[in-house]
Amino acid sequence: MNPDLDLGLERIIRAPRATVWSAWTEPSRLERWWVPAPSRCRVDRLDLRPGGAFVTRLSDDGAEFVPHMDACFLAVDDLERIVFTNAIDGTWRPASPAPVAMTATITLSDHPDGTDYRIVVQHGTPDARAHHDKLGFADGWGTVAAQLAAFAEGNR
């Protein structure tokens, strides 16, 4: 992790790695925690393979769903790692995503209490990293990680 370009988050989730993995890889499970509550998520595409699409929608009112994430998976290592970027959309077209272009690496490893869950979000410039941090990276991604933990721990 490069502290000038990257932001990170780590937490222990008290659930088996396979449970955390399925929360990431099964659309109906991902929809339960992927956006900060009370907003809701709908998964349009979750093609979990290198080059596959990762497309979600967000609803603040439970009725109208608007675009949220249009990304492309770069690497998928079963039960261990998911890497995606929003700099390329789900159809492999170059993108200029708001609020910031990023590449996210999610890693899972065994921990005596369950799963060691780590996120590293890479940015192209120090300014992009600072902008993402100022927008509330820690709060946003931290809230989502807490929701993932609550979901996984309740669905072991």
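Higher on the page you've got the structure.
No experiment lies behind these values; they were computed from the predicted model shown.

1. Side note on the side chain of Gln-147
Among the structural elements, Gln-147 can be located in helix α4 (residues 137-154). Of the polar contacts made by the side chain of Gln-147, one reaches the backbone oxygen of Val-35; its length is 2.8 Å. Within the structure, Gln-147 has its side chain in polar contact with the backbone nitrogen of Ala-37 (distance 2.8 Å). Among all residues touching Gln-147, those that are not within four sequence positions of it are Trp-33, Val-35, Pro-36 and Ala-37.

2. Some words on the sheet that holds strand β5 (residues 81-85)
Spatially, β1-β7-β6-β5-β4-β3-β2 is the arrangement adopted by the seven strands of the open sheet, whose pairing is antiparallel. This sheet does not close on itself; its edge strands, each paired only once, are β1 (6-13) and β2 (40-46). Neighbour to neighbour, the strand axes of the sheet diverge by 25 degrees on average, direction disregarded. Direction of pairing for β2 relative to strand β3 (residues 53-59): antiparallel, over a ladder of six bridges.

3. Things to note about the packing of aromatic side chains
Using the criterion set out here, one finds 12 aromatic pairs in the structure. Considering the side-chain rings of Trp-24 and Trp-33, the 5.3 Å spacing of their centres and the 75 degrees angle between planes classify their relative orientation as edge-to-face. Judged on exposure class, the residue Trp-24 and its partner Trp-33 are both buried. With a centroid separation of 6.3 Å and an interplanar angle of 75 degrees, the aromatic rings of Trp-34 and Phe-84 are classed as edge-to-face. Here Phe-84 lies in strand β5 and Trp-34 lies in the loop between α2 (27-30) and β2, a separation of 50 residues in the sequence. Across this residue pair, the class does not change: Trp-34 and Phe-84 are buried. Through a chain of ring-to-ring contacts, three or more aromatic side chains come together here, namely Trp-24, Trp-33, Trp-34, Phe-54, Phe-73, Phe-84, Phe-137 and Trp-141. Here the guanidinium or amino end of Arg-42 rests over the ring plane of Phe-65, the centre of that ring lying 4.6 Å away.

Calculation notes
Residues numbered from 1 in each chain as written. Predicted model: local features only at pLDDT ≥ 70, side-chain atom pairs only at ≥ 80, totals over all residues. Heavy atoms only, no water. Helix = DSSP H or I, 4+ residues; strand = E, 2+ residues; numbered from the N terminus. Polar contact = N/O pair within 3.5 Å; in protein donor to acceptor, adjacent residues only side chain to side chain. Contact = heavy atoms within 4.5 Å. Pairing = 2+ DSSP bridges. Axes fitted to C-alpha atoms, helices over the stretch in contact; angles between N-to-C directions. Phe/Tyr/Trp six-rings, centres within 6.5 Å; stacked < 30°, edge-to-face > 60°. Buried < 20%, exposed > 50% of the residue type's maximum accessible area, 1.4 Å probe, protein only. Lys NZ or Arg CZ within 6 Å of the ring centre and 35° of its normal.

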